[in-house]
Structure formats: C-alpha cells, structure tokens
Amino acid sequence: MSIIINLDVVLAKRKMRSNELAEIIDITPANLSILKSGKAKAIRFSTLEAICKALDCQPADILEYVED
Amino acid sequence: MKDNTNILIIITWGILLASVSVLLNDMREFDFNQFKEFQNWAKTANKKESWFTSKNAIQWSYYAISAGLFFWRGYLIYGFSYFLSILKEIENGNYFSDKNIKYFKKIGNIFIWYTVNVLILRFLLAAIGKSTFNFFNELKAEFTFLIPVGLAFFILAEIFKRAKDTEKENELTI
C-alpha cells in the first residue's frame, strides 16, 4: 500500500507505549496494532483526531504517501 | 435473536422429519418386488423378441423411474438439511461466513437439479405410459417453483459474499 503509517516513529519521539496510546484514544491494542502494521483498510476521522490530540501532532506526521 | 434461531431450528427439524417419514412411507408402499420379477423375466426372456417394446421392459422402466423419483425426493430433503447448518452458523454469530455462502449455493444447486430431473423423469413416465406430456402444464406444477427459489439462493449467496467483504472491511477500519 502506498500510504505508510509512521505511528511507531511518533510514539518513539513522544516516548509513549502503544498500550498507553490505545487506552487514551479508547481503542483496543489489537486494533492499534492493525493500524501500526498497515493492515488497516481505513481510518476514521475521529480516530485520527484522537491520535493527533494524544500525540500532539499533525495527520501528516502519522500518514505518509509513498509512490509504488 | 437466539430464541428466533432456536424456533427456526425446531421448525426445520419438524419439516425434515415429516418429509423423511412421508418419503419412507411412500417407499414402503411401493412394490419393490417388481424388480425381482423383472430379473426373473430377463433371465427367461426370448432373446429374439424386441426388448424395448415388450410389456415387462416397459413395466420395469416405470418402476425404475418411480425409484428415480424417490431418489430425487431424498436429494431434496438432503438439501433442506443445509438449512440446519446455516441456522447453526447464525447461532454461533457467523452471519456472513464462507460456510453460509457455500450452503446457499448448495441449496440453490439442489433445488434446480431436483426440479430439472423430476421434469425429465415425468416426461419419461408420460412417454412410457403413452400419455401426452405438456411441458407448460408441467411447469405450472407446484414443484417447479423450486427453480426461482434455487436462483434466489444463488442471489442470496452473492449478497452474502458482498456482505462478508464489507464486514471484513468494516473490521479493518480503525
């Protein structure tokens, strides 16, 4: 897929663990893992908003377009 | 939902058992000894005599076709038994599973095969009895409604296939 999820990088920068983020944005660790691994088919605006709020970042910090 | 499923399972079992008992009763009333008589006749028959037009051969054909009709009725009951499998999947919460899609296709196949084959056997019966076979009159018979029902199950299988994809997509939307 040409959309890359850089959630790991942002989490490392913020020194936050995945489980912690999952708890803050109120999704299951399993779903966060699906998002991080790039297996997710889509992301809701509400989830994106919650992630940006929790990590104090912009959507562009998490999502990146790379040409195939 | 589970209560409704249980009621449907009980109704399906009732229909299945009633159909099996009716079929078994019909088979019991059917004189299978005719086949033995035919075998005896086949051993002693005059080989020079034309086989197809002889009375015994015609009678045997009649019984063979009747037995064929029993077989297809049994096949239809077997098709009905797939409803139980579908209901079991629903009871387990797997509404749009691959198994359900497969079962719907199987039921559709069985219904269409049953109707086509029974039509052919009825045509042969009419031919043996030298009675007239009106295809359109046969199509008016109740059992031919199983063809559109069979097609409906194929359509349902396609809908379930699409629903399964949508469900999977929904599960992967975070």
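Because the structure is a prediction, the values reported are computed rather than measured. (Residues numbered from 1 in each chain as written. Chains lettered and ligands numbered in written order. Predicted model: local features only at pLDDT ≥ 70, side-chain atom pairs only at ≥ 80, totals over all residues. Heavy atoms only, no water.)

**Q** Could you clarify how one ought to interpret the overall build of chain A in this entry?
**A** A count of helical and extended segments in chain A gives five helices and two strands. When the elements of chain A are put in sequence order from the N terminus, they spell out β-α-α-α-α-α-β. The burial tally for chain A puts 31% of its 68 residues in the buried class. Across chain A, contacts joining residues at least 24 apart in sequence account for 64% of those joining residues at least 6 apart. If you sum the accessible surface of chain A, you get close to 4700 Å²; carbon and sulfur atoms cover 51% of it. (Helix = DSSP H or I, 4+ residues; strand = E, 2+ residues; numbered from the N terminus. Buried < 20%, exposed > 50% of the residue type's maximum accessible area, 1.4 Å probe, protein only. Contact = heavy atoms within 4.5 Å. Areas by Shrake-Rupley, 256 points an atom, 1.4 Å probe, with all protein chains shown as cover.)

**Q** Whenever I open this one, the nonpolar core confuses me. Can you help?
**A** Where a protein is soluble and globular, its nonpolar side chains tend to be buried together. Within the largest apolar cluster, 22 residues are counted, with the highest numbers of intra-cluster contacts made by B:Ile86, B:Phe104, B:Ile107, B:Phe111, B:Tyr114 and B:Phe143. At the level of elements, helix H3 (55-91), helix H4 (98-128) and helix H6 (146-171) of chain B are the ones that each hand at least two residues to this core. Sequence-distant contacts of B:Phe143, that is, excluding residues within four places in its chain, are made with B:Tyr114, B:Thr115, B:Val118, B:Leu119, B:Arg122 and B:Glu138. Within the second largest apolar cluster, 19 residues are counted, among which are A:Ile27, A:Leu32, A:Leu35 and A:Ala40. (Core = buried A, V, L, I, M, F, W, Y, C linked by side-chain atoms within 4.5 Å.)

**Q** How should the interface of chain A and chain B be read in this particular structure?
**A** A common way to express how large an interface is: the accessible area buried when the components associate. Between chain A and chain B, the residue contacts involve eleven residues of the former and five residues of the latter. Between chain A and chain B, roughly 710 Å² of surface is buried when both sides are summed, and carbon and sulfur atoms account for 65% of that area. When residues of chain A are sorted by the area they lose upon contact with chain B, A:Lys41, A:Ala42 and A:Arg44 head the list and together hold 58% of the total. The tally of links between chain A and chain B comes to zero salt bridges. The tally of links from chain A across to chain B stands at six residue pairs in polar contact (both at pLDDT 80 or more). Of all the elements, helix H3 (residues 29-37) of chain A adds the most residues to the side of chain A that touches chain B, at three residues. Partitioned by chemical class, the residues of the side of chain A that touches chain B number six nonpolar, two polar and three charged. (Buried area = accessible area lost by both parts, 1.4 Å probe. Salt bridge = Lys/Arg side-chain N within 4 Å of Asp/Glu carboxyl O. Polar contact = N/O pair within 3.5 Å; in protein donor to acceptor, adjacent residues only side chain to side chain. Nonpolar A, V, L, I, M, F, W, Y, C, P; charged D, E, K, R; others polar.)

**Q** What is the right way to look at the UniProt feature "transmembrane region" (unreviewed entry) in chain B in this model?
**A** UniProt records the feature "transmembrane region" (unreviewed entry) at residues 7-24, 60-87, 107-129 and 141-160 of chain B, using the numbering of this structure. As a span, residues 60-87 of chain B carries 100% helix and 0% strand, and end to end its C-alpha atoms are 42 Å apart. (UniProt positions renumbered as here; feature names shortened; annotations may be inferred.)

**Q** It is not clear to me how the packing of helix H2 (residues 18-25) of chain A against H3(A) should be interpreted in this structure. Could you clarify?
**A** Packed helices, taken two at a time, are described by the angle their axes make and the gap between the axes. All names here are of chain A. Remark: H2 packs on H3, axes separated minimally by 9 Å, with the N-to-C direction vectors making an angle of 110°. With respect to H3, the element H2 is oriented roughly perpendicular. H2 and H3 meet at a crossing whose hand is right-handed. Along the contact surface, H2 presents Ser 18, Asn 19, Leu 21, Ala 22 and Ile 25, while H3 presents Pro 29, Leu 32 and Lys 36. Its residues assigned to classes, the contact of H2 with H3 comprises five nonpolar, two polar and one charged. (Axes fitted to C-alpha atoms, helices over the stretch in contact; angles between N-to-C directions. Parallel < 35°, antiparallel > 145°, perpendicular 65-115°, else oblique. Left-handed = near helix turned anticlockwise from the far one by under 90°.)

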